[in-house]
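# Geometric and topological summary
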Amino acid sequence: MSWPALYAQLVGANRHSTSLGKIWLSVLFIFRVMVLMVAAETVWGDEQSDFVCNTLQPGCENVCYDQFFPVSHIRLWCLQLVFVAAPTLLVSMYVAYRNHGDKKKLLQISSRTGFLSSKSPEEELEALKRRRLPITGPLWWTYFISVVAKLLIEVGFMYALYVVYDGFQMPRLVQCDQWPCPNLVDCFISRPTEKTIFTVFMATASSICMVLNGAELAYLVTKAITRSLSRKDGRPTSREKTWRGTNERSPGSLRRCN
Amino acid sequence: TPLAPPAETDLESKMNWGTFYAVISGVNRHSTGIGRIWLSVIFIFRILVLVVAAESVWGDEKSAFICNTQQPGCNSVCYDQFFPISHIRLWALQVILVSTPALLVAMHVAHRRHIDKKILKRMGRGSPKELENVKNQKFQITGALWWTYMISIIFRLLFEVAFLYIFYLIYPGFKMVRLVKCDSYPCPNTVDCFVSRPTEKTIFTVFMLAASGVCVLLNLAEVAYLIGRACRRYFAGSENESNPAWISQRMSSYRQNEINQLIADHSLKSKFGVAKKAPTEREDRCSAF
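Residues numbered from 1 in each chain as written. Chains lettered and ligands numbered in written order. Predicted model: local features only at pLDDT ≥ 70, side-chain atom pairs only at ≥ 80, totals over all residues. Heavy atoms only, no water.

## Things to note about the pairing of strand β2 (residues 179–182) of chain B
All names here are of chain B. Of the two faces of β2, the one holding Val180 and Cys182 is buried and the one holding Leu179 and Lys181 is not buried anywhere. Strand direction decides the pairing type here: β2 and strand β3 (residues 191–194), joined by four bridges, are antiparallel. The residue bridging Lys181 from the neighbouring strand is Asp192, located in β3. (Buried < 20%, exposed > 50% of the residue type's maximum accessible area, 1.4 Å probe, protein only. Helix = DSSP H or I, 4+ residues; strand = E, 2+ residues; numbered from the N terminus. Pairing = 2+ DSSP bridges.)

Pasting the structure below:
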């Protein structure tokens, strides 16, 4: 799994996140992806080869392993991380779409006004690519939906893990009587304590991410409310300020200076 | 049974530590000298040794853990009883948690840079060159940054000590025994179980504990150094005016630069007798704030 490639993608989208979003990304990569790759995968590495049942009956171990481990923790966590990272790409796609639209507008304006702007068109395009969009309007909605999606996905996967494995603790011994096992056999799971420790660690990291997402939602909603209140007072919104900032001489208002 | 996956995961884990190194060493620019030494110790004597040597020593810890019985499941259960969490995983978690507070400093520096850029834009000097200068600026460890740095060092210390304590709780003593006696179900009676490579494991345990100790000492030295520097600055500063806050210092230095610039322009004009005003001045007055 090419986690560095995913990291590169998400870091690009990071520029348009709030500060809480940036913290969330760091927590995701350091405490979840890193720990998964560096530690957890070796703990679960021998989960099937070291799953031993007290019987000589061929096939019994396979069948019992399959019954108690329908999907491995590691795979569930990998899927969870991939799905949780996906809504951020929604935000990058929207930003790319906006930049594309703005670039077209800019090219139209510069072809019409010719020499009036002080910067060359390449510089303006570069500034457009490098600017940081304020989180207002449709971007706000896209961002809000992405955070809500992240939260729902986290909750969903946590619940799935809890239901499939009946809690976060890994037992040492399971008893199995599937065919072809003769009667009831004891089967022993390898490294149950270490697995429990890592399951609890990953569940904690997931909860921290959920709390960060919840805080980010509250922050976004508060910002939107304060912005709509200040707009009622007649102050310019930050979107209007941005447009003024990147296009100092908008064609409609050639300013008269002494 | 030898499996292909261990070789892949080895390469991948090296790649991941490499990414981690790239993230953490970015903080290096804003550290003190002792902080940089600490970072090198972490990477060379702990992470590198962990990845290159210790992981292969502990690689066969379970497959070569043998109990003197044919009872199936007894090996697994006895291994789990005596090794609740492997040394390797404990050390990996320790290194990750201990390195993370450094990111607090990086976040604070990023926040300050953001504010610096805003101030520059407000003063109407938002040219790309000036913004690049802001990005490459090195900040003095004063004021709020000093407190953030101090808090990050204290967290580092706390995590190190906490992990050393946990290590002591789980594995009292640093020596790895050759033989453990186990009688959990399903082992019949008491069985002898043999640990693989106990001496090599003892050597590496001692090495990693020593490296942890050195890191703790470096952190304590850094705390003392920061406090000493702050005291020195306070006593030297109390002889001069009291230090204004960082932001007002910045704005006053920019205003001073602007005033100097205006005086220089004015003196040039009076020398050459230019009647019309320079175009840049007109732009400054008309540009949006």
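## Examining the environment of Asp265 of chain B
Structurally, Asp265 of chain B is set in helix α9 (residues 246–272). Asp265 of chain B gets classed as partly exposed once you look at its relative accessible area, which sits at 25%.

## So, the side chain of Gln94 of chain B
Residue and element names in this part refer to chain B. Relative to the assigned elements, Gln94 resides in helix α4 (residues 87–99). Residue classification places Gln94 among the buried positions, given a relative accessible area of 4%. A polar contact of 3.4 Å, which involves the side chain of Gln94, links it to the side chain of Ser212. Ignoring sequence-local partners within four residues, the contact set of Gln94 consists of Arg46, Glu160, Phe163, Leu164 and Ser212. (Polar contact = N/O pair within 3.5 Å; in protein donor to acceptor, adjacent residues only side chain to side chain. Contact = heavy atoms within 4.5 Å.)

## A closer look at the UniProt feature "domain: Connexin N-terminal" (unreviewed entry) in chain A
The feature "domain: Connexin N-terminal" (unreviewed entry), as annotated in UniProt, sits at residues 42–75 of chain A in this numbering. End C-alpha atoms of residues 42–75 of chain A are separated by 13 Å, and the span's content is 41% helix alongside 6% strand. (UniProt positions renumbered as here; feature names shortened; annotations may be inferred.)

## Overview of the nonpolar core
One finds Leu36, Phe51 and Phe198 of chain A together with Trp17, Phe65 and Cys78 of chain B to be the most contacted residues of the largest nonpolar core, which totals 111 residues. A total of 16 residues in this core trace back to one element, the largest contributor, which is helix α2 (residues 19–43) of chain A. Tyr94, Leu139, Trp140 and Leu217 of chain A belong to the second largest nonpolar core, which has twelve residues in total. (Core = buried A, V, L, I, M, F, W, Y, C linked by side-chain atoms within 4.5 Å.)

## Remarks on the UniProt feature "domain: Connexin cysteine-rich" (unreviewed entry) in chain A
The UniProt record marks residues 153–220 of chain A with the feature "domain: Connexin cysteine-rich" (unreviewed entry), using the residue numbering of this structure. Along residues 153–220 of chain A the backbone is 60% helical and 12% strand, and the end-to-end C-alpha distance reaches 19 Å.

## Notes on the pattern of salt bridges
In total, this model carries 14 salt bridges over all chains according to the counting rule given. A salt bridge links Asp102 of chain A to Lys105 of chain A, with the shortest nitrogen-to-oxygen separation between them at 3.9 Å. On the criterion of helical spacing, the pair formed by Asp102 of chain A and Lys105 of chain A is a turn pair, its members being three residues apart in helix α4 (residues 73–113). The salt bridge involving Arg172 of chain A is made with Asp80 of chain B; its shortest N-O contact spans 3.0 Å. (Salt bridge = Lys/Arg side-chain N within 4 Å of Asp/Glu carboxyl O.)

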